[in-house]
Number of protein chains: 2
Amino acid sequence: MTTSNDIPLASHPNNRAAHHRTDEAWLQNAIGADNVLVFLMQKGQPLVAANGQNLVWLGPEVAKITPQGEQIFLGEDKAGAPIFAVDMDPTFKLEGSLLQGSGDFTDMRAAASGLSPMEANLASTARSLLEWHRNHPFCAKCGAKSEVTEAGWKRVCPSCGAEHFPRTDPVAIMLAVKDDKCLLGRQAGWPAGFWSALAGFVEPGETLEQAAARELEEEAGIKADPASAEYLFCQPWPFPSSLMVGIILEAQTTEVSVEQDELEAARWITRDEARQVLAGTHPDIYAPPPMAVAHHILKAWAERDS
Amino acid sequence: MTTSNDIPLASHPNNRAAHHRTDEAWLQNAIGADNVLVFLMQKGQPLVAANGQNLVWLGPEVAKITPQGEQIFLGEDKAGAPIFAVDMDPTFKLEGSLLQGSGDFTDMRAAASGLSPMEANLASTARSLLEWHRNHPFCAKCGAKSEVTEAGWKRVCPSCGAEHFPRTDPVAIMLAVKDDKCLLGRQAGWPAGFWSALAGFVEPGETLEQAAARELEEEAGIKADPASAEYLFCQPWPFPSSLMVGIILEAQTTEVSVEQDELEAARWITRDEARQVLAGTHPDIYAPPPMAVAHHILKAWAERDS
């Protein structure tokens, strides 16, 4: 059975060594240590080797690559080597630098499908944190400029003392099923033939299951009892910083009525059709890519007997 | 089997009628309509009737109760009546007002255990949103004062145009189990005899299951494979705005080593002891209250055969 560990962008391995984040002396030493492992980010994009399969890894010589922005401490590898992501200033150019010819800063979605699970996770974690810093430089409590601390995992306000932590926004992404059929939807802006699971942000005061049922009704007019929801697995999604929670819901109704601001259309397909979609043989629907949790939700349901 | 629907503070019923949030004319009309249902909040506390079992409900006469702060639209009841929470200015006093003698603004935790599930959910949803407004009056992107919109469900920045949505922070709250025992922990500041499940915020770049395993190891030195995690149910928790996700994890080790900043102690108890804890007959441990999801996690495990 598929678990969250098997979903792309999940954490591999799991040693974030978070106790080091508050140890400024340790961090300063670690980034210059002989065994340090550093990769670069710029504008939310990781520096990927020309083969598309690896990040470009640097050692302590990263200090020579400037101008730099934030340094994010991401944990330790199995041998205890510290891992950092360094955000490069937008003015930095690979051409003419020591890294000329090493690879390219690459769109995160494209990069993630080529990288190993561990490298994809490290780059997407760094992306989440750096986008959060980029979009939250001020204190939401008092309006003053806040400062990065704890190796990139926190901001503090020097004016009012407020502490700010990275956001992780839970999203319910659900496959409504009924009578051996499941419901797919598509947004107006999507490529022709692309259909996926419905999804929406979890709001204050509701559970994951209730959010799934509410979104299903709001977007497609289909009713479901939240108590019928089955949790499958989840995926950290760095665009910008969601936690996609995969749910299968038993629908109570079948008549589709789409909310045009959200969806262009929604349609029921049979389990056989779902298998065709995943096999790439469906006449007019292609599946969400394996990097997306929607792919794995559809797969989990399609592979069941009935 | 217990589902998220059965957990205190979950949403009952589920009609948030979110499409009305953007309709300013509808909202203005609704708050003054004959059938409107309004309760009051002040400093995060709902106004609860003297019997402790009901919110104090007002109709359109709420307009006479001033000075008011935000009006939060919470949805519609089964008959289609609009429901609002109105935040009262900190200077408002019940004494001498039209509401003198009707009840008291009551600590949310205390109030929640007396109110019906629906009223507890409405008050705690309002509390989450109001605390978010109170703590995020400025735009984190540019530092300007931001403005409430969409009936309390969004803030927009008039200076840079950034949109801000309420936070919902996922928390993994886990019961580690091994050999018919489970692990409880206690923090130094807790009352004597109080032990609970371990918990921690989900970070960017990890799944719920990975967060549970990481926190277990960080706080208690116990190792577990995230793939062993079993999702149980979740609870919206308005202190200030978390989503508590209940998980059972199979521990791989038993030797406890607590991180003193987080826990004072952790201990293994047998399933029989867990049943005693829940029955109130354990000699030196009492259970988390039924309002807390930890209570229901312990109960779900204790009630299993083995």
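Treat the numbers as computed from the prediction; the structure is a model and nothing was measured. (Residues numbered from 1 in each chain as written. Chains lettered and ligands numbered in written order. Predicted model: local features only at pLDDT ≥ 70, side-chain atom pairs only at ≥ 80, totals over all residues. Heavy atoms only, no water.)

A. Just the overall build of chain A, in detail. Helix and strand content of chain A: six helices and 14 strands. What you see for chain A is a C-alpha radius of gyration of 22 Å, in line with the 19 Å of a compact globule of 306 residues. In terms of overall dimensions, chain A has a C-alpha envelope of 60 × 45 × 35 Å along the principal axes. Within chain A, buried positions represent 56% of all 306 residues. Residue pairs in contact within chain A that sit at least 24 positions apart in sequence constitute 65% of those at least 6 positions apart. Positive and negative side-chain charges in chain A, numbering 24 and 41 respectively, have mean positions lying 2 Å apart. (Helix = DSSP H or I, 4+ residues; strand = E, 2+ residues; numbered from the N terminus. Rg over C-alpha atoms; globule rule 2.2 N^0.38 Å. Buried < 20%, exposed > 50% of the residue type's maximum accessible area, 1.4 Å probe, protein only. Contact = heavy atoms within 4.5 Å. Lys, Arg positive; Asp, Glu negative; His and termini not counted. Charge placed at Lys NZ, Arg CZ, Asp CG, Glu CD.)

B. View of the domain arrangement of chain A. By domain assignment, chain A separates into domain 1 (4-134), domain 2 (136-167) and domain 3 (169-302). Here the C-alpha centroids of domain 2 of chain A and domain 3 of chain A sit 35 Å apart. (Domains from an automatic or database assignment.)

C. Here's a closer look at the confidence of the model for chain A. Put simply, chain A has an average pLDDT of 95, and 99% of its residues get 70 or more. Under the prediction, the complex receives an ipTM of 0.96, its pTM being 0.96. (pLDDT = per-residue confidence, 0-100.)

D. Examining the pattern of salt bridges more closely. Within this structure, the stated rule accounts for 36 salt bridges over all chains. Linking R16(A) and E206(B) is a salt bridge whose minimum nitrogen-to-oxygen distance equals 3.8 Å. A residue pair is termed interchain when its members come from two chains, as with R16(A) in the segment before helix 1 (24-31) and E206(B) in the loop between strand 11 (198-201) and helix 4 (208-220). Both residues of the pair, R16(A) and E206(B), count as buried. D169(B) is paired through a salt bridge with R167(B); the nearest N and O atoms lie 3.0 Å apart. Overall, R167(B) belongs to the buried group, its relative accessible area being 16%. Within this structure, R16(A), R21(A), E203(B), E206(B), R214(B), E215(B) and E218(B) form a network of salt bridges that share partners. (Salt bridge = Lys/Arg side-chain N within 4 Å of Asp/Glu carboxyl O.)

E. Looking closely at the interface of chain A and chain B. Taken together, the contact pairs 50 residues of chain A with 50 residues of chain B. Roughly 4,100 Å² is buried in total at the junction of chain A and chain B, and carbon and sulfur atoms are behind 54% of that figure. Ranking the residues of chain A by area buried against chain B places A140(A), R167(A) and P204(A) at the top, with a combined share of 15%. Our count for the contact surface shared by chain A and chain B stands at 24 residue pairs in polar contact (both at pLDDT 80 or more). When residues of the side of chain A that touches chain B are traced back to their parent elements, those giving at least two are helix 3 (117-135), strand 9 (169-178), helix 4 (208-220) and strand 12 (230-237) of chain A. Looking at the side of chain A that touches chain B residue by residue, the class counts come to 23 nonpolar, 16 polar and eleven charged. (Buried area = accessible area lost by both parts, 1.4 Å probe. Polar contact = N/O pair within 3.5 Å; in protein donor to acceptor, adjacent residues only side chain to side chain. Nonpolar A, V, L, I, M, F, W, Y, C, P; charged D, E, K, R; others polar.)

F. Seen up close, the relation of the copies chain A and chain B. Relative to chain B, chain A is turned by 180° and slid 0.0 Å along the rotation axis, the superposed coordinates differing by an RMSD of 0.0 Å. Taken together, the rotation and translation describe the operation of a two-fold axis. (Least-squares fit on C-alpha atoms with pLDDT ≥ 70 in both.)

G. Inspection of the sheet that holds strand 6 (residues 147-149) of chain B at higher detail. Residues and elements named next belong to chain B. If you trace the three strands from one edge of the open sheet to the other, you get 6-7-8, paired in antiparallel fashion. Each having just a single partner strand, strand 6 and strand 8 (163-164) make up the two edges of the open sheet. Pairing between strand 7 (residues 154-156) and strand 8: two bridges, direction antiparallel. Of the residues in strand 8, the one forming a bridge with V156 is E163. Running over the sheet, helix 3 (residues 117-135) touches strand 6, strand 7 and strand 8 and is turned about 20° from strand 7. (Pairing = 2+ DSSP bridges. Axes fitted to C-alpha atoms, helices over the stretch in contact; angles between N-to-C directions.)

H. Summary view of helix 5 (residues 271-279) of chain B. Residues and elements named next belong to chain B. Three or more residues of helix 5 are buried, namely R271, E273, A274 and V277. The buried residues of helix 5 occupy an angular sector of 155° when the element is viewed end-on, so they sit on one face. Packed against the buried residues of helix 5 are strand 14 (265-270) and helix 6 (293-302). Count one or two residues on from helix 5 and you reach G280, which has phi positive near 75°. (Arc of directions from axis to C-beta.)

I. View of unusual backbone geometry. Here the residue pair T66(A) and P67(A) is connected by a cis peptide bond, since its omega of 0° sits within 30 degrees of zero. Among the structural elements, P67(A) can be located in the loop between strand 2 (45-49) and strand 3 (68-76). The backbone phi angle of A151(B) is positive, close to 55°, even though this residue is not glycine. On the secondary structure map, A151(B) appears in the loop between strand 6 and strand 7. Residue class for A151(B) comes out buried when judged on its relative accessible area of 11%.

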